[in-house]
Amino acid sequence: VETTQPPKVETTQPPKVETTQPPKVETTQPPPNTVTEPASAVVRSKPEAVSVYDEDMNYNISGGQGIIFVNEKFSDAPNRNGATKDIQHLKDIYQRLKIECEYNIHKDTKASTMMSLVHDFSERVAQDPDCSVILVSISSHGEQGGKIMGTDGTCVDLSEVIDSFQRREELLGIPKVFVVQACRGTEAELQYSDHDYDEDVPPPQYATKSGDTIICYSTGEGYVSFRSSQSGSWFIRILHSCVMDTMYRNLHFVEIMTVCCRLAVAEAATNKSGESKKSVTETPSYCSTLTKFIRFRTEDK
């Protein structure tokens, strides 16, 4: 959240910036995990451009660990007949991707048990030095707001499931994939076609109102964004550098956003508060319902 006002801090003194040309951190609240003392963010590092052809742009995947939850029968909600099929389909996917899950397949689980199993699993994989990717799959009833229902009718927060893995320092840098089969509201989305089906014409192109959209955020949910008074907003500047760099001109837009994420997390500022100094940054994110790749026609093509 960016405003033209300085960050709010619990002090009678204004924030002090220890630099001759300080970038301003402009938010409606202090950066997360900082003490409520006068704080300032001083850019201390900027990442170099990366080549998408470098091996370092690929995760080093050697062995993965996974867990599966499939809920079919409920005490306070309609049963999900046919959900058992999801187990076999997911097992096939995990086997194909060489993700171990033999002892982590759970059917018809209460909400509290689901979270307990998630915490146990995240703790185990955090201690596994050979785990290079994590795949979590959940098939159940769901509600708006990221709620996943257990068989007892109570719900777990998907954000809490994700946080169980993201908060563990041992899992830093390890890709975490979450596959969720669940409702996210009560409305059924309509399908639209460009013409009626006819064997003599090409197949129709289908679309939905929420489809063909990508939403790009400068930071993750719950975190602040940063802006420099000299070079502008971090995310916009990094996106600009990626679009303008001919090295990335053949990428589709989702790939460009992946590069943006890499460059953004490599950029850091030092948040100074009394004797404490902590590095802060931001991680761009995006939500995509695109049904095709976006490849922009650039001027140099």
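Residues numbered from 1 in each chain as written. Predicted model: local features only at pLDDT ≥ 70, side-chain atom pairs only at ≥ 80, totals over all residues. Heavy atoms only, no water.

Strands sit in the order β6-β7-β8 across an open sheet of three strands; the sheet is antiparallel. For this open sheet the edge positions go to β6 (142–143) and β8 (155–157), each flanked by a neighbour on one side alone. For strand β7 (residues 147–149) and β8, the ladder comprises three bridges, and the chain directions are antiparallel. Residue Ile 148 lies in a different strand from β8, and its bridge partner there is Val 156. Where helix α2 (residues 111–126) meets the sheet, its contacts fall on β7 and β8, and the angle it forms with β8 comes to roughly 35 degrees. (Pairing = 2+ DSSP bridges. Helix = DSSP H or I, 4+ residues; strand = E, 2+ residues; numbered from the N terminus. Contact = heavy atoms within 4.5 Å. Axes fitted to C-alpha atoms, helices over the stretch in contact; angles between N-to-C directions.)

All right, on to the pairing of strand β2 (residues 64–70) then. Across the seven residues of β2, seven count as buried, placing the element largely inside the fold. In β2, alternate side chains face the same way, and those of Gly 64, Gly 66, Ile 68 and Val 70 on one face and Gln 65, Ile 67 and Phe 69 on the other are all buried. Direction of pairing for β2 relative to strand β3 (residues 99–100): parallel, over a ladder of two bridges. Paired with Gly 64 across the bridge in β3 is Ile 99. (Buried < 20%, exposed > 50% of the residue type's maximum accessible area, 1.4 Å probe, protein only.)

For the protein chain, per-residue confidence averages 78 on the pLDDT scale, and 72% of positions sit at 70 or higher. Note on residues 1–6: pLDDT is under 50 here. Beyond four places in sequence and across chains, it has 20 contacts. Long-range and interchain partners of residues 14–40, a stretch whose pLDDT sits below 50, account for 72 contacts in this model, where long-range means more than four residues apart. (pLDDT = per-residue confidence, 0-100.)

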